[in-house]
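Architecture and fold: a report
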Amino acid sequence: MDIAHEISRRRTFGIISHPDAGKTTLTEKLLLFGGSIRSAGAVKSNKIRKTAASDFMEIEKQRGISVATSVMSFEYRGQLINILDTPGHRDFAEDTYRTLTAVDSVILVVDSVKGVEEQTERLMEVCRMRNTPVIIFINKLDREGRPSFELLDEIEEKLQIAVRPLTWPIGMGRGFRGVYNLREQNLYLFQAGKTVVENDRILVERLDDPMLENLLGSAADQLREDVELIDGVYEPLDEAEYRGANVAPVFFGSALNNFGVRELLETFVRLAPTPTPRDSDLRTVQPSEAKFSGFVFKIHANLDPRHRDRIAFLRVCSGVFRKDVAFHHVRQGRSIRFSRPYSFMAERKAVVDEAYPGDVVGLYDRGDLKIGDTLTEGENLVFRGIPSFAPEIFKELVSTDPMRSKQLDKGIQQLTEEGVAQLFIQDRGRRKIVGAVGELQFEVIQYRLTNEYGAACRLEPLPYARACWLTSDDPKVLAEFMRYRDRQVAYDRDRRPVYLAESEWMLRSMIRDNAKVMFHFTSEFKTASSGETDEDSASVA
Ligand code: G4P
């Protein structure tokens, strides 16, 4: 098998949006183009809907669906496209951030009525942090939305990225007539209610062609003016700038009506990067390297509580992943093999014999894998860039049934390994503090501990607002710091010391008063002794 060819035909991207912008609908339409699904409605949403906040059965059901739709692969014009879905709900943002570590580019969906929303801004920050190229799809043009130029300005300002429209809408809402493809110079007319897969495109080589009046009536002049303005204001798309994450191509359409989606898909397959190199603690790993390497970015528990196995999602970074071949589990320092790895072609899971860079494989796991684990063909490298983010809400986990405290320990251990929330330990394990970014995560934890592990518990609010990982060049200084603040310090799942601050003010004064202690805002930092700097940490000299 020709690895170079397999790499060159792969595109792995994440689809992100604020909830309800149309991410699920767009995903479904993309899969329809690939012929992976036959009918609309086949892709269920990977989202915990707002209304479901206290409806646990609904959460469970959706959690199940989210396994099926976490990764979807389809072929389009000889290319293999891997879509990684992300939960839009703010409370599951960590899951989204981690998924973004496994993609090479992103399609961002924006609702034309609502414009850039809060969650969109947060997600875009993660893309910026990682220099991930972004294509934007402005959706719901069949509704009365905001003026297109205004939306583009808002995107540039709030998302801090230059834009370049590649299609342009003609009207909107009831007056929506279609989109003009600025690159190919053709017009695609909209017919309400007709959800087409094959487009009826009309080539309009010159915008002063009087045919335009016949087709668009009075909207023809507006289109001419708009196109003139676009060409005056926006630079032609520089593909290298897109791949460098400096400019985002923009498309307009209506996912629900499957309108403008083909333009998006065709440009995506032409422009989007093939699997990119990945940084490890030792060196940068190129996808074309002969030896296999990959990392786990997501773990999902089996929904059936009688089976304790889990599914680990592994992104292949280099070489070929093979079924039944022993690979090196770097953290555990031993070999591990998988007899039933599977791929995620939409609507079906299939056992795969081989997977290539850019692919995501699902691995059955009985507790050997954690998020961030690296597998290789022997080299002791660890992929970077899969950090834990500092949680914002903290609660103490208290067992309400002393007979089941072992089950509670095991349950919280496993749930935190899945990445549902983070666990911090105080008092040699006697006090368990759960840290999360949203309340919904706590509800899921309590429900699952009770139902899957039979461990009754309650979660008591704690006054902490921020967690920082601690290091110091001088172990004595760190030990001293820890000793005097036993209520403010804890250990994370890897026994690393963490400072729990009650407020930003407290944290700042701690940083100021302890110049020899380093405070890190994500769990991934380089040790001071390595001599490297860490932008994500603070100490005041
Ligand atoms: P999400 O995954 O980003 O959260 O959004 P999703 O695709 O579920 O879409 C949210 C709602 O917006 C859905 O309506 C969906 O039908 C609608 N929608 C998506 N694309 C378009 C579009 O181009 N035009 C219009 N007018 N609506 C669109 P819903 O009523 O919340 O759900 P459903 O009952 O239709 O599933």
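Above this text is the structure in question.
A brief look at the structure comes next. Every value quoted in this text rests on a predicted model; they were computed, and no experiment measured them.

Once that is clear, we can look at the overall build of the chain. Secondary structure assignment for the chain yields 14 helices and 32 strands. Relative to all contacts within the chain whose residues are 6 or more apart in sequence, the contacts with residues 24 or more apart total 70%. With the model as given, the accessible surface of the chain reaches about 23200 Å², and the carbon-plus-sulfur share is 48%.

Among the secondary structure elements, Leu108 is positioned in strand E4 (residues 105–111). In this structure Leu108 comes out as buried when scored by relative accessible area, which is 0%. On a C-alpha basis, the gap between Leu108 and Ala21 in space is 9.6 Å, while along the polypeptide they are 87 residues apart. Setting aside chain neighbours within four positions, we find Leu108 in contact with Ile16, Ser17, Thr120, Met124, Val134, Ile135, Ile136, Phe137 and Leu159.

Around the ligand sit 17 residues, and of these Asp20, Thr24, Thr25, Asp142 and Ser254 come closest. Thr24 places a polar side-chain atom, nitrogen or oxygen, 2.4 Å from an oxygen atom of the ligand. A distance of 2.5 Å is found between an oxygen atom of the ligand and a side-chain nitrogen or oxygen belonging to Thr25. Compared with its free state, where it exposes 700 Å², the ligand has 71% of that area covered by protein. The class makeup of the residues in the shell around the ligand is four nonpolar, seven polar and six charged.

In space, the four strands of this open sheet follow the order E7-E8-E9-E10, with antiparallel pairing throughout. Either end of the sheet is taken by a strand with one partner, and the two such strands are strand E7 (167–170) and strand E10 (201–203). For this sheet, the mean angle separating the axes of adjacent strands, direction not counted, is 25°. Seen against the sheet, helix H10 (residues 261–271) touches E7, strand E8 (178–181), strand E9 (186–189) and E10 and runs at an angle of roughly 70° to E10.

Bringing the side chain of Thr376 into the picture now. Counting through the fold element by element, Thr376 comes out in strand E23 (residues 374–376). Within polar-contact distance, the side chain of Thr376 engages the backbone nitrogen of Gly378 at 3.0 Å. Not counting chain neighbours up to four residues away, the residues in contact with Thr376 comprise Phe292, Ser293, Phe327, His328, Val330 and Leu381.

Okay, the nonpolar core next. Taken as a class, soluble globular proteins show a tendency for nonpolar side chains to be buried jointly. Ranked by size, the top nonpolar core spans 62 residues in total, and within it Leu108, Ile136, Ile138, Leu187, Leu216 and Leu223 carry the most contacts. Top element by residues in this core is helix H8 (residues 219–233). It accounts for five residues. There are two domains that each give this core at least three residues, and those are domain 1 (11–72 + 81–271) and domain 2 (278–376). Ranked by size, the runner-up nonpolar core spans 28 residues in total, among them Ile83, Leu166, Tyr242 and Phe251.

With that settled, the discussion passes to the pattern of salt bridges. Throughout the structure, instances matching the rule amount to 39 salt bridges. Two residues, Arg77 and Glu266, come together in a salt bridge whose shortest N-O distance is 3.2 Å. Within this pair, whereas Arg77 is found in the loop between strand E2 (71–76) and strand E3 (79–85), its partner Glu266 is found in helix H10, the two being separated by 189 residues in sequence. Between Arg164 and Asp231 there is a salt bridge; the shortest N-O distance is 3.5 Å. Taken together, the residues span a long stretch of sequence, with Arg164 in strand E6 (residues 162–165) and Asp231 in helix H8 at a distance of 67 residues. Looking at Asp231, the relative accessible area reads 49%, which means it is partly exposed. Linked through salt bridges whose partners overlap, the residues forming this network are Glu6, Arg9, Arg10, Glu75 and Asp359.

Here is what the cut-offs are and how they apply
Residues numbered from 1 in each chain as written. Predicted model: local features only at pLDDT ≥ 70, side-chain atom pairs only at ≥ 80, totals over all residues. Heavy atoms only, no water. Helix = DSSP H or I, 4+ residues; strand = E, 2+ residues; numbered from the N terminus. Contact = heavy atoms within 4.5 Å. Areas by Shrake-Rupley, 256 points an atom, 1.4 Å probe, with all protein chains shown as cover. Buried < 20%, exposed > 50% of the residue type's maximum accessible area, 1.4 Å probe, protein only. Near = heavy atom within 4 Å. Polar contact = N/O pair within 3.5 Å; in protein donor to acceptor, adjacent residues only side chain to side chain. Nonpolar A, V, L, I, M, F, W, Y, C, P; charged D, E, K, R; others polar. Pairing = 2+ DSSP bridges. Axes fitted to C-alpha atoms, helices over the stretch in contact; angles between N-to-C directions. Core = buried A, V, L, I, M, F, W, Y, C linked by side-chain atoms within 4.5 Å. Domains from an automatic or database assignment. Salt bridge = Lys/Arg side-chain N within 4 Å of Asp/Glu carboxyl O.

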